[in-house]
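Commentary on secondary and tertiary structure
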Amino acid sequence: MAARSLALLLAVAMPMLPAAAQTSLGAPDASNPHRSVSEQRPADLVLLREWTTMEGDFAIGVHNAKPDPRDPAARTIVVWVEAPGDVKLAVDTLRCSPAAPMRLTRKGRDLWIKELNPGGVITEANRLDHQIWWAACFPEQAGKDPATLQAQARQLGYSGQLREQQQVLPGSPR
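Note that this is a predicted model, so its numbers are computed, not measured.

Scanning the entire structure with this criterion turns up six aromatic pairs. Relative to Phe58, the ring of Trp51 lies with its centre 5.5 Å away and its plane at 5°, an arrangement referred to as stacked. Aromatic pair Phe138 and Tyr158: ring centres 6.3 Å apart, planes at 90°, arrangement edge-to-face. Here Phe138, found in the loop between helix 2 (127-137) and helix 3 (150-155), pairs with Tyr158, found in the loop between helix 3 and strand 8 (165-169); they are 20 residues apart in sequence, far enough to count as distant. We note Lys107 situated over the ring of Trp112; from NZ or CZ to the ring centre the distance is 4.1 Å.

If you want it as structure tokens, here you go:
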């Protein structure tokens, strides 16, 4: 059943995740050099993390969550990764069903399939995946710490007992 579910999700997600699903907006707007990257953020952007290093300010957020018209249990969301002088965008696909919640994302050419456990243990290793999942599947919970949403997950039918794992499907070099 899990293999069939994964195959269905890949069939839905693969056309939406072209090799160029991750793009870069580049430096701040050249027509207005005084406009910073953070001033170019979309109005519906929900920031999930912000931090500062010696290099500058960084942020990760999401926006533009949409249901998939071909699969009522799937959603897409734009992940906004902001670095000093650069923004990278990726379109992630998420499955929201209680039986098989997951996140599909690209890193370079590779497709990462992350099976999630809403209502389960949240660690630094899986926190961002859960934040993105909650923002896509239940936008009213966007930006909240997923560790505080265990009771909400159970009310929504998630057991909190699923096994979290990830698979990496290497992309083909061109």
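A word on the pattern of salt bridges. In total, this model carries ten salt bridges according to the counting rule given. In this structure, Glu82 engages Arg41 in a salt bridge whose closest nitrogen and oxygen atoms are separated by 2.9 Å. In this pair, Glu82 is assigned in strand 4 (residues 71-83) and Arg41 in the loop between strand 1 (23-24) and strand 2 (46-53), connecting sequence segments 41 residues apart. By relative accessible area, which is 6% here, Glu82 ends up buried. Judged by relative accessible area, which is 25%, Arg41 ranks as partly exposed. Residue Arg127 pairs with Asp145 through a salt bridge whose shortest N-O separation is 2.5 Å.

Moving on, we get to the side chain of Arg95. Tracing the sequence through the fold places Arg95 in strand 5 (residues 86-95). When its relative accessible area of 6% is taken as the criterion, Arg95 is described as buried. Polar contacts involving the side chain of Arg95 include one to the side chain of Asp71, which spans 2.7 Å.

It is worth spelling out helix 2 at this point. In terms of burial, helix 2 is largely enclosed, as eleven of its eleven residues are buried. Of the residues making up helix 2, those classed as buried are Arg127, Leu128, Asp129, His130, Gln131, Ile132, Trp133, Trp134, Ala135, Ala136 and Cys137.

Next up on the list: the nonpolar core. In this structure, Val62, Ile77, Leu94, Ile132 and Trp133 are the most contacted members of the largest nonpolar core, which totals 19 residues. Going through the elements one at a time, strand 3 (56-68), strand 4 and helix 2 are the ones with two or more residues in this core. Examining the composition of this core, we find that seven residues originate from one element, helix 2, more than from any other. When sequence neighbours within four positions are dropped, the list of residues in contact with Trp133 reads Leu94, Arg95, Cys96, Pro101, Met102, Leu116, Pro118, Phe138 and Tyr158. In this structure, Val78, Trp80, Val87 and Leu89 belong to the second largest nonpolar core, which totals five residues.

Rules of the game
- Residues numbered from 1 in each chain as written.
- Predicted model: local features only at pLDDT ≥ 70, side-chain atom pairs only at ≥ 80, totals over all residues.
- Heavy atoms only, no water.
- Phe/Tyr/Trp six-rings, centres within 6.5 Å; stacked < 30°, edge-to-face > 60°.
- Helix = DSSP H or I, 4+ residues; strand = E, 2+ residues; numbered from the N terminus.
- Lys NZ or Arg CZ within 6 Å of the ring centre and 35° of its normal.
- Salt bridge = Lys/Arg side-chain N within 4 Å of Asp/Glu carboxyl O.
- Buried < 20%, exposed > 50% of the residue type's maximum accessible area, 1.4 Å probe, protein only.
- Polar contact = N/O pair within 3.5 Å; in protein donor to acceptor, adjacent residues only side chain to side chain.
- Core = buried A, V, L, I, M, F, W, Y, C linked by side-chain atoms within 4.5 Å.
- Contact = heavy atoms within 4.5 Å.

Purely geometric stuff here, so don't read any function into it on its own.
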